[in-house]
Amino acid sequence: MYNTAVPTHSLYIHWPFCPYKCHFCPFVALASHDQFMEQYHTVLVQEIERYAAFCTRKQEIKTIYIGGGTPSTYPCALLLDMFDTLRKVFTIKPDAEITIEVNPGTVQSEQFMIWKQAGINRLSIGVQSLNDKVLRSLNRHQSIDDVTWLLHEARAFFDNLSIDLILGLPDVSQEEWKDIIKTVVQWPITHISIYFLTIHENTPLYFKVKKRAVTLPADDTMVDLYHWTVDFLEHHNIVRYELSNFSRPTYESQHNTVYWDREAFKGFGLGACSFDGMQRLQNEKRLMEYLEKGKKDEDLTTFSECLTDDQIYLERLMLGLRRSKGVSFEALAQGMPFARKDLLQERLNLLVRNGFLVEQNNVFVLTPQGLMVENEIVTQLSVLRA
Ligand code: SF4
């Protein structure tokens, strides 16, 4: 069970409903289940209230992230009701970062005002690509027109707009990717997340790849495009601060920073994850079970794991190396016996000498060369457990 004595300043709220299921999607996302939205909302609100009732004092909230699924399909009256509950049971700081994920083609113009009224001040827009044909072939039903309309309308209400893009989608040429990046830097956005396409097992895309029905770009091509993208964005004042995340100055995602700093956060909803500083927990992932348990006021957690010193070390290493500000020796060596600390320092220094890391004041940052073999570097350093 989540340790309610731990002060939690960040909340994640999961809205699992989607108008369609994209062929690459590994998330807890449900298409054709809209008839359960209202019931789900009721159980979600009860889950929030129950958690708050267990807390010894009212938690002060600095970030809220409504993710999915497609949260832009959360009916406005229900969304406002959920925010009423949040404000009743938590103290939401006036400058809190409150993000909602939005998918183009799922929004009506009246929603922007309601979101603003609810206190939302940041949109994370799932653009993914500007190639409508490719998106349609992956069962994602949105068009460039949807994206441009959304940006234009949203801009009147929100100045903090983030977009998600996927690098490595099948049938998107190198030139086309560069054109996409050249286009998006002209948009009124503050933040870009760029994810390498990952083929998740048992997704329709996984089976297409297995049958060789689609061709994916070569790894080398993706690496070259990634480096080109980093340089191009930097040239336009959109700077990488994490392997997949780029922002204009001061617009780094505060909510994601909580994850990367390994601070506590509480998740609510279907399959939502939480971290209380010691344990990682996950809620029930099956909708019917979630609703049943919620109605009976039962514990919704189906997975919890108290992290070992080794796991904590590995998390610090992996999360730290992904960030442009790097990871300090001090943070990595915390709790290590002396002999291992020496070995860690030695290995880090060797990686510096070989050009995979740079070091300043004993803080280590991956070089462009190191970024491309990040997994191998993590593996090399992961043998040095706490
Ligand atoms: S919209 Fe997002 S969450 Fe929904 S199916 Fe597509 S990728 Fe998954």
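Student: How should the sheet that holds strand β15 (residues 327-328) be read in this particular structure?
Tutor: Neighbouring strands of a sheet are bound in pairs by backbone hydrogen bonds; such pairs are parallel or else antiparallel. An order of β15-β17-β16 is seen for the 3 strands of this open sheet, with the pairing classed as antiparallel. A single partner strand is all that each edge strand has here, and the edge strands are β15 and β16 (357-360). Where β15 and strand β17 (residues 363-366) come together, 2 bridges link them in antiparallel fashion. Note on β17: the bridge partner recorded for S328 is V363.

Student: Explain the nonpolar core to me, please; I cannot follow it from the model alone.
Tutor: Taken as a class, soluble globular proteins show a tendency for nonpolar side chains to be buried jointly. One finds M82 and L123 to be the most contacted residues of the largest nonpolar core, which totals 110 residues. Looking at this core, the element that brings in the most residues is helix α1 (residues 37-54), giving 8 residues. With residues up to four places along the chain from it excluded, the contact list for L123 reads I100, V102, F112, W115, A154, F158, N160, L161 and S162. In this structure, V258, F265, F275 and I312 belong to the second largest nonpolar core, which totals 5 residues.

Student: How should the site of the ligand be read in this particular structure?
Tutor: Residues in close proximity to the ligand include C18, Y20, K21, C22, F24, C25, A29, G69, T70, N103 and R140, which together make up its full environment. Here the shell around the ligand is built from residues that sort into 6 nonpolar, 3 polar and 2 charged.

Student: Which parts of the structure should I look at to understand the packing of helix α13 (residues 338-353) against helix α15 (residues 374-382)?
Tutor: A pair of packed helices is captured by two measures, namely the crossing angle of their axes and the spacing between those axes. Across the interface, α13 lies against α15 with an axial gap of 10 Å and an inter-helix angle of 155°. Classified by the interaxial angle, the pair formed by α13 and α15 is roughly antiparallel. In the crossing of α13 with α15, the sense of the turn from one axis to the other is right-handed. When α13 is examined against α15, the residues L344, R347, L348 and L351 are found in contact with a partner set consisting of I377, Q380 and L381. Grouping the amino acids of the contact of α13 with α15 by side-chain chemistry returns 5 nonpolar, 1 polar and 1 charged.

Student: Just to check I follow, could you spell out helix α10 (residues 287-295) for this structure?
Tutor: Since the α-helix packs 3.6 residues into each turn, any two residues three or four apart lie on the same face. Within the sequence span of α10, burial applies to L287, Y290, L291 and G294. Burial along α10 is one-sided: seen end-on, the buried residues are contained in an arc of 95°. Looking at the buried residues of α10, the elements they touch are β3 (30-31), α1 and β13 (279-283). Where α10 terminates, the next one or two residues include D297, which has phi positive at roughly 65°.

Student: Looking at this structure, how should I read the pairing of strand β4 (residues 60-68)?
Tutor: Side-chain positions along a regular strand alternate between the two faces of the sheet. The element β4 is extensively covered by neighbouring structure, given that 7 of its 9 residues are classed as buried. Judged from the 6 bridges that link them, strand β1 (residues 10-15) and β4 form a sheet pairing that is parallel. Bridged to Y12 within β4 is Y65. Bridge count for β4 against strand β5 (residues 91-102) is 6 bridges, and the pairing is parallel. When the sheet's bridge partners are listed, I66 is paired in β5 with I100.

Student: Explain the pairing of β5 to me, please; I cannot follow it from the model alone.
Tutor: What joins β4 to β5 is helix α2 (residues 76-89), and the crossover it makes is right-handed. As judged from the 4 bridges shared by β5 and strand β6 (residues 122-128), these two strands associate in the parallel manner. The residue of β6 that forms the bridge with I100 is L123.

Student: Would you mind going over the environment of E201 with me for this structure?
Tutor: The topology assignment puts E201 in the loop between β8 (191-196) and α7 (204-210). In sequence terms E201 and P26 are 175 residues apart; their C-alpha atoms lie 8.3 Å from each other.

Student: Would you mind showing me how to read the sheet that holds strand β7 (residues 161-167) here?
Tutor: Taken in spatial order, the 9 strands of this open sheet run β9-β10-β8-β7-β6-β5-β4-β1-β11, and their pairing is mixed. Looking at the sheet topology across the chains shown, the edges are occupied by β9 (239-242) and β11 (266-268). Within the sheet, the average angular offset between the axes of one strand and its neighbour, ignoring direction, is 20°. Contacting β1, β4 and β5, α2 crosses the sheet at an angle of about 155° to β4. Of the strands in this sheet, β7 and β8 touch helix α6 (residues 174-184), which is tilted by about 175° from β7.

Student: Would you explain unusual backbone geometry in this entry?
Tutor: Trans peptide bonds make up the majority, and among non-glycine residues the majority have a negative phi. Residue G69 follows G68 across a cis peptide bond; omega there is 15°. Backbone geometry places N237, a non-glycine residue, at a positive phi of 65°. Tracing the backbone shows N237 in the loop between α8 (219-235) and β9. By relative accessible area, which is 42% here, N237 ends up partly exposed.

Student: Honestly, the pattern of salt bridges in this entry has me stumped. Any pointers?
Tutor: Two side chains carrying opposite charge are able to pair once their charged atoms lie near each other. What the rule picks out here adds up to 10 salt bridges. Of the charged contacts in the structure, one is a salt bridge between K88 and E49, with a shortest N-O distance of 3.3 Å. Separated by 39 residues along the polypeptide, K88 in helix α2 and E49 in helix α1 bring together distant segments of the chain. Across the salt bridge formed by E284 and K293, the nearest N and O atoms sit 3.0 Å from each other. In this structure, a network of salt bridges that share partners links the residues E284, R286, E289 and K293.

Student: Please clarify how α15 should be interpreted in this entry.
Tutor: Within the span of α15, buried status applies to E374, I377, V378, L381 and S382. Buried positions in α15, seen along its axis, are confined to an arc of 130° and lie on one side of it. Exposed residues on α15 whose side chains face more than 90 degrees from its buried face are N375, E376 and T379. Looking at the buried residues of α15, the elements they touch are α11 (309-321), α13, β17 and α14 (368-371).

Cut-off values and rules
- Residues numbered from 1 in each chain as written.
- Predicted model: local features only at pLDDT ≥ 70, side-chain atom pairs only at ≥ 80, totals over all residues.
- Heavy atoms only, no water.
- Pairing = 2+ DSSP bridges.
- Helix = DSSP H or I, 4+ residues; strand = E, 2+ residues; numbered from the N terminus.
- Core = buried A, V, L, I, M, F, W, Y, C linked by side-chain atoms within 4.5 Å.
- Buried < 20%, exposed > 50% of the residue type's maximum accessible area, 1.4 Å probe, protein only.
- Contact = heavy atoms within 4.5 Å.
- Near = heavy atom within 4 Å.
- Nonpolar A, V, L, I, M, F, W, Y, C, P; charged D, E, K, R; others polar.
- Axes fitted to C-alpha atoms, helices over the stretch in contact; angles between N-to-C directions.
- Parallel < 35°, antiparallel > 145°, perpendicular 65-115°, else oblique.
- Left-handed = near helix turned anticlockwise from the far one by under 90°.
- Arc of directions from axis to C-beta.
- Right-handed = clockwise from strand over helix to strand, strands pointing away.
- Salt bridge = Lys/Arg side-chain N within 4 Å of Asp/Glu carboxyl O.

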